[in-house]
Structures are given as C-alpha cells and as structure tokens.
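Single-letter residue listing:
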Amino acid sequence: MEKDARMQESRDRAVVGFAEHDHARCVAHALDAADTHCSREGLRFTTVRRRALEILLESHTALGAYDVLARLEQDGLGSQPPLAYRALAFLVDNGFAHRVERLNAFIACASPGIRHDPAFMICTGCHAVAETPSAPGRTALGRSARESGFRIESTVLEAEGLCAGCQGEEGA
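Treat the numbers as computed from the prediction; the structure is a model and nothing was measured.

What counts and what doesn't
The residue count restarts for each chain, going from 1 along the sequence in the order it is written. Local features in a predicted model are, by the rule used here, given only for residues with pLDDT of at least 70; side-chain atom pairs are given and counted only at 80 or more, and totals for whole chains, interfaces and linings are based on all residues. Excluding hydrogens and water, the side-chain figures rest on all heavy atoms present in the structure. In this text, buried Ala, Val, Leu, Ile, Met, Phe, Trp, Tyr and Cys residues form a nonpolar core when linked through side-chain atoms within 4.5 Å. Any residue under 20% of the maximum accessible area for its type is buried, any over 50% is exposed, and the rest in between are partly exposed; the area is computed with a 1.4 Å probe on protein chains only. Going along the chain from the N terminus, every DSSP run of H or I of four or more residues is numbered as a helix, and every run of E of two or more is numbered as a strand. Here, two residues are considered to be in contact whenever any of their heavy atoms come within 4.5 Å of each other. By definition, a salt bridge exists where a carboxyl oxygen of Asp or Glu is found within 4 Å of a side-chain nitrogen of Lys or Arg.

Trainee: Which residues make up the nonpolar core, and what are the values?
Mentor: Counting 26 residues, the largest nonpolar core has Leu53, Leu56, Val68 and Leu91 as the members making the most contacts within it. Within the residue set of this core, elements represented by two or more residues are helix 2 (23-41), helix 3 (47-57), helix 4 (65-74), helix 5 (81-93) and strand 2 (105-108). Apart from residues lying up to four places away in sequence, Leu56 is in contact with Leu63, Val68, Leu88, Leu91, Ala97, Phe106, Ile107 and Ala108. Listed in part, the seven residues of the second largest apolar core include Ala62, Ala105, Phe120 and Val129.

Trainee: Break down the pattern of salt bridges for me, with residues and values.
Mentor: The full count for this structure, using the stated rule, is 10 salt bridges. Residue Glu58 pairs with Arg71 through a salt bridge whose shortest N-O separation is 2.8 Å. A residue pair is termed long-range when its members are at least 10 positions apart, and Glu58 in the loop between helix 3 and helix 4 and Arg71 in helix 4 qualify at 13 residues.

Trainee: Before we move on, can you summarise the environment of Ala70 with the specific residues and values?
Mentor: Tracing the chain through its elements places Ala70 in helix 4. With 11 residues separating them in the primary sequence, Ala70 and Pro81 have C-alpha atoms 9.4 Å apart.

Here it is as structure tokens:
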C-alpha cells in the first residue's frame, strides 16, 4: 500500500518544473526524504552535501557543477572542484538529484526516495527543466528490447522545446 501511495505522489508531481506548486513544500519534502534515507542507510548527509541539494532545490533550473561550486564557495564551504563533484555524485547516487546529460548539469529529483526512470523536458526559452516519469518498459523501446532479449537497466530521455509560459511570450 505504501508503494502505491508513493507512486501516486510521484505521478501527482510529474511535471513540477513547469507547473504551479508549493515550492516550499517541494523543498521540505526533498530535504526530509534525503534526511530519512541517509539515516536509514547510515550515510553521512554532510553540510556540503545538504547545501548542494538546497542549491539545486532553489529553482527548477539545472545547474552545472561549477555553478554549485561557486555557491558553496560563497557560503564558505570550500572552493575546490572535487568538493562539488563529490557532493553531486552523492546526491545522484542516492536518488536526490539527476544529471541532465544534454546540459551537462544537475537538477534536484522531483521524486526522491522513489526508484524511477525520469524523463526531462528542457525549455530552451527560460531554461527550466521539468522531470516526469518515463516508463521505458511500456514503450516501443521496451517492446524492442524484450523482442531482442535486451534488458534495459536505465534510460536517459531528454526533450528540448518551449514550456507553456515561453510559448505564450513567443506569440506576444
């Protein structure tokens, strides 16, 4: 039952990057999920790792490692690139953030604590990034994989275009 509730919550927040939402609740939920996961797994959610996640959570725009590093440096947490890369790797490895390949950047996970294969919609106008669930096993890709005996372990699906807000500005 808990799994079903978490799946529904994931669907409810499917395209949070473009939708109106309670951002403070979004941030609190992600930080709580990270705290809970780290406590349960015996992982160290250090000040730098937590601050890196907070930085990613500030907006639904993907940030490069050097953008995160600059913010960590402003906060007096260090200035060496490995600091940011290690913090971001921890966040990605534990499902709190994703790497957006097309942008060579990172974004906070919209569904932390829920194993999933995300797809990203990247607005070329405002640079917002929305995460939505993808179901590779239920698509033509999944059918082709099954038919050829290939087992999909992970997918990266990224689409570029214009969000509704930027489309409206385009027509103005």
